[in-house]
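# Topology and contacts: notes
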Amino acid sequence: MAIAWTAELELGIPVIDSQHQRIVDYINTVSDAHKSHRTNDVFSVLDELVDYTLSHFAFEESLMEESGYPFLNAHKKVHRLFARRVASFQQRAKAGDDITEELLHVLKAWLVNHIKCDDRDYSAVVKANMIEATRRTKAKQGSWFNRLFG
Ligand SMILES: [Fe+2]
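What you are looking at is a predicted structure, and each value in this text was computed from that prediction instead of being measured.

## Describing the environment of L11
Inspection of the secondary structure assignment puts L11 in the segment before α1 (14-35). We classify L11 as buried; its relative accessible area is 3%. Separated by 40 residues in sequence, L11 and D51 place their C-alpha atoms 22 Å apart. Excluding its chain neighbours within four sequence positions, the residues that come into contact with L11 are I16, D17, H20, I115, D119, R120, Y122, S123 and K127.

As structure tokens, this is what we get:
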């Protein structure tokens, strides 16, 4: 079963939502490749998915840090545990285990739950900080413009 992108997965932070959407696309692509027995595709897309997800985590963490989100360390820990779990799947796969189905199950369940709970938890703080940063930039541009042309 593919993951459907629903409003429940949306945080209202466009840059994060599009990254989450891309992760969902990757998972669905792995799922399709697995169903149609394209083993090479399964492994190449899985590698891309893992790379992309890890850089997405780093990006999320930088946003949380910038906005002073109080549970940054706990969230980082959740990301790290997940990365470790995926790494152990990759090791098993290298050793010849057929882990695809189990991994897909874990990926789907974990991602949906993580977005709905953990990520939703930071969304208000991060959103407020982004709005404030935009406001400050605009104010700066405004005063610069006024000085020159006002
Ligand atoms: Fe996260």
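## Some thoughts on helix α4 (residues 100-149)
For α4, spanning 50 residues, the distance from its first C-alpha to its last is only 62 Å, which falls clearly below the expected 74 Å at 1.5 Å a residue. At D119, α4 shows its maximal bend, which comes to roughly 45°.

## Observations concerning the coordination of the iron ion
All of the protein donors around the iron ion are E60 (OE), H75 (NE2), H79 (NE2), H114 (NE2) and D119 (OD); their distances to the metal are 2.1 to 2.4 Å. Written as a sequence motif, the donor arrangement for the iron ion is E-x14-H-x3-H-x34-H-x4-D. One end of the pair, H75, is in helix α3 (residues 72-94); the other, H114, is in helix α4, and 39 residues separate them in sequence. Here the two residues H75 and H114 agree in accessibility, since each one is buried.

Reading the values: the criteria
Residues numbered from 1 in each chain as written. Predicted model: local features only at pLDDT ≥ 70, side-chain atom pairs only at ≥ 80, totals over all residues. Heavy atoms only, no water. Helix = DSSP H or I, 4+ residues; strand = E, 2+ residues; numbered from the N terminus. Buried < 20%, exposed > 50% of the residue type's maximum accessible area, 1.4 Å probe, protein only. Contact = heavy atoms within 4.5 Å. Expected span 1.5 Å × (residues − 1). Bend = angle between axes of the 7 residues up to and from the residue. Donors = N, O, S within 2.8 Å, 3.2 Å for Na, K, Ca; no water.

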